[in-house]
Amino acid sequence: MTTPAIKVEDLCFSYGDIEAVKNVSFEVQPGEILGFLGPNGAGKSTTIKVLTGQMPPDSGRAEILGMEIGHDNPDIQAQISVCFEEKNLYLNMTALENLDFFASLFGIKDADSMEILRRVGLAERAKDRVHSFSKGMRQRMMISRAFINKPSVLFLDEPTDGLDPVTSAAIRKTIKEEADRGAAVLLTTHDMFEADELSDRVAFINEGEIVALDTAENLKLKYGTRSVRVRLRDGEGVSEEHIALDEGGSSERLAHLAASPDLMTIHTEEATLEAIFIELTGRRLEG
Amino acid sequence: MSLTRILKMLRKDFALGPRSPIFLYMILLPFALTGLFQFAFGSLFTPQPRLGIVDAGNSAITAAVEGADGIDLTLLDDAAELRAQVEANDLDAGLVLPAGFDDAVRDGGRPPLQFYIGGESYASNRVILTVTALDAIRDLEGSAAPVDVEVVSFGEAGLPINLRLVPIIVFYALALAGIFLPGSSLVEEKEHGTLNALLVTPVKVSEVLVSKWIFGVVLATVMSGVTLALNGALGPRPLDVLTVLVTGAILVATLGLLIGVLAKDSTMLFALIKGTGILMFAPAIFYLFPDWPQWIAKLFPLYWVIEPIWQVSVMGGAVTEVWFEVLVALLISAALLPLIVVVARRMQAQMVSQ
């Protein structure tokens, strides 16, 4: 049995009287992407801050690559990377200088910063100062910086928040590549499409607690309805029929409608992650 | 703690510094103040009178000029070369002392003496060099001055105002380079979130603070040294001057670090510097007003930095004469360290909770 890249047991953290993380437990295996899905203030970023050693937990324990987390643990920090929600780059440095500087802090002497910039589509701007970059380019810089030490564990805090679809897709592609390389990825997001597309498993977090944790498919099956919506031509208009797949005779009825010359479309009616989140928490993911 | 990582961060700060307008402003301000004060109160840039001598006979006049304060003496072998240098305004005046000149003067003869004067030299320098040369010849002859000169001084006795301004200019160089630059560099890392980015790498907060501190010490030492050099106040003992400058830089950089960890943002940084500015600036003012009770200056921490620099660089003393002041400066720096550690822990907790 392989050691989990991230192992969290009953983790708690409070800001004064406010409980930000309550008895959170989960594991992430090497090469797995775990999507942390929740609205703003749900405790996603706080969990990352605790797991990356920025804040000590109030109680509970967490291990990264089998090593217990704590302040100033260079063995852990050499093998992790964090992509912050805040674009905390050195704006007066060039893209290349930013990457080379961080590579040097990890003790990497032969960092191929240009290749990493090429992966995120910034090779042509390598020698430009970051202050001249657009929001999307800065976010791609953030991602490339997170890749500089070939991390075994990657923490990504809202990596595509507020970006255009093209940039978001490019970033998601690179995240997938990192997971394929073997990195465990903890991805926080409030974008259900992102979580659905990228994550091997999804954790719903609300008010500091994990309310559900499973693959997106299983969550949809568990909380959604197994039904299809069939649209048929009906004279001059269109008629719709909902068929619950768990009811008796549904297969025959579906086969009959599928053979009908009036058939226009058949849609599955699985629940979206957002709908499941609302069902579980009574809150929307945005805001 | 990794020295390698500290040096890498230090190199980054030195590389980024010149790209920041505020860094350049802080570096240039002491130079601008030097220029302003010298323009207003007389110039310390004004060169000393420059006298060249060609001495064919090991004259006592040469020895007398060598022993005189405030004259820049150049000894040459060739009268033609001397003349060329005076013509080129490399020297204000030139004196050609032939062999046997001293004996001839002592014997009451009137040997010829060539005295070149540069047409572009300052009139004050010509007068100083002429009078000095005539005095030396009179001494050689063994005769007394034909008149008794009664010297009547006007104005306040003591050092000239432009010399007493040196502590203020040095204070600015020290404070801006040693306090403001490391403090603002740390605050900028906090404001831009880059400190958080550093702290999730193997870098420790102590390494960041040490790198900022060294940044301040190096800048303050260099800036105050350059400022003293510009003001012609480097003193006769370079190593002693370096010792007091480094001591001063250590104290100001420690204060800068404390302000940097205390301030959450630039607004608070400026408020802290403005609020504490008069306390830091006060000892420099006492050098302008020697009639004030000087013991009051000792109540301010930077007195223990400025006084050794004043004594060693301006007054030409040795560092052994100011060992107590140097020791107090180092003790104040050491006493601030536990405070910095406590505030830095609070800073780290505040940063991640934002």
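Here, every reference points to the structure presented above.
The sections below set out a description of the structure shown in this document. Just so we're clear, the structure is a prediction, and the values are computed from it rather than from any experiment.

1. Notes on the interface of chain A and chain B
Taken residue by residue, the interface counts 21 residues in chain A and 19 residues in chain B. Within the residue set of the side of chain A that touches chain B, elements represented by two or more residues are helix 2 (74-77) and helix 3 (95-105) of chain A. Among the elements that line the side of chain A that touches chain B, the one with the most residues is helix 3 of chain A, at four residues. Grouping the constituent residues of the side of chain A that touches chain B by class yields twelve nonpolar, six polar and three charged.

2. Regarding unusual backbone geometry
All names here are of chain A. One non-glycine residue, Asp10, adopts positive backbone phi at about 50 degrees. Mapped onto the elements, Asp10 comes out in strand 1 (residues 6-15). The class of Asp10 is partly exposed, set by 13 C-beta atoms lying within 10 Å.

3. Some thoughts on helix 3 of chain A
Burial of helix 3 of chain A is extensive: eight of the eleven residues sit out of reach of the surface. Turning to helix 3 of chain A, its buried residues number three or more, namely Ala95(A), Asn98(A), Leu99(A), Phe101(A), Phe102(A), Ala103(A), Ser104(A) and Leu105(A). Elements in contact with the buried residues of helix 3 of chain A: helix 4 (113-119) and helix 5 (135-147) of chain A together with helix 1 (3-16) of chain B. Phi for Gly107(A), located one or two positions after helix 3 of chain A, is positive at around 75 degrees.

4. Some thoughts on the nonpolar core
Counting residues in each nonpolar core, the largest one holds 145 residues, and the members touching the most others are Leu37(A), Phe155(A), Leu174(B) and Val252(B). Examining the composition of this core, we find that 15 residues originate from one element, helix 8 (residues 166-191) of chain B, more than from any other. Counting residues in each nonpolar core, the second largest holds 18 residues, with Val54(B), Ile61(B), Val96(B) and Ala133(B) among its members.

5. Some points on helix 13 (residues 303-314) of chain B
Residue and element names in this part refer to chain B. Along helix 13, eleven of the twelve residues are buried, which leaves the element largely enclosed by surrounding structure. When we look at burial in helix 13, the residues that qualify are Tyr303, Trp304, Val305, Ile306, Glu307, Pro308, Ile309, Trp310, Val312, Ser313 and Val314. Just downstream of helix 13 lies Gly316, where phi reads positive at about 80 degrees.

Cut-offs used in this document
- Residues numbered from 1 in each chain as written.
- Chains lettered and ligands numbered in written order.
- Predicted model: local features only at pLDDT ≥ 70, side-chain atom pairs only at ≥ 80, totals over all residues.
- Contact = placed C-beta atoms within 7 Å.
- Helix = DSSP H or I, 4+ residues; strand = E, 2+ residues; numbered from the N terminus.
- Nonpolar A, V, L, I, M, F, W, Y, C, P; charged D, E, K, R; others polar.
- Buried ≥ 20, exposed ≤ 12 C-beta atoms within 10 Å, placed from the backbone.
- Core = buried A, V, L, I, M, F, W, Y, C linked by C-beta atoms within 7 Å.

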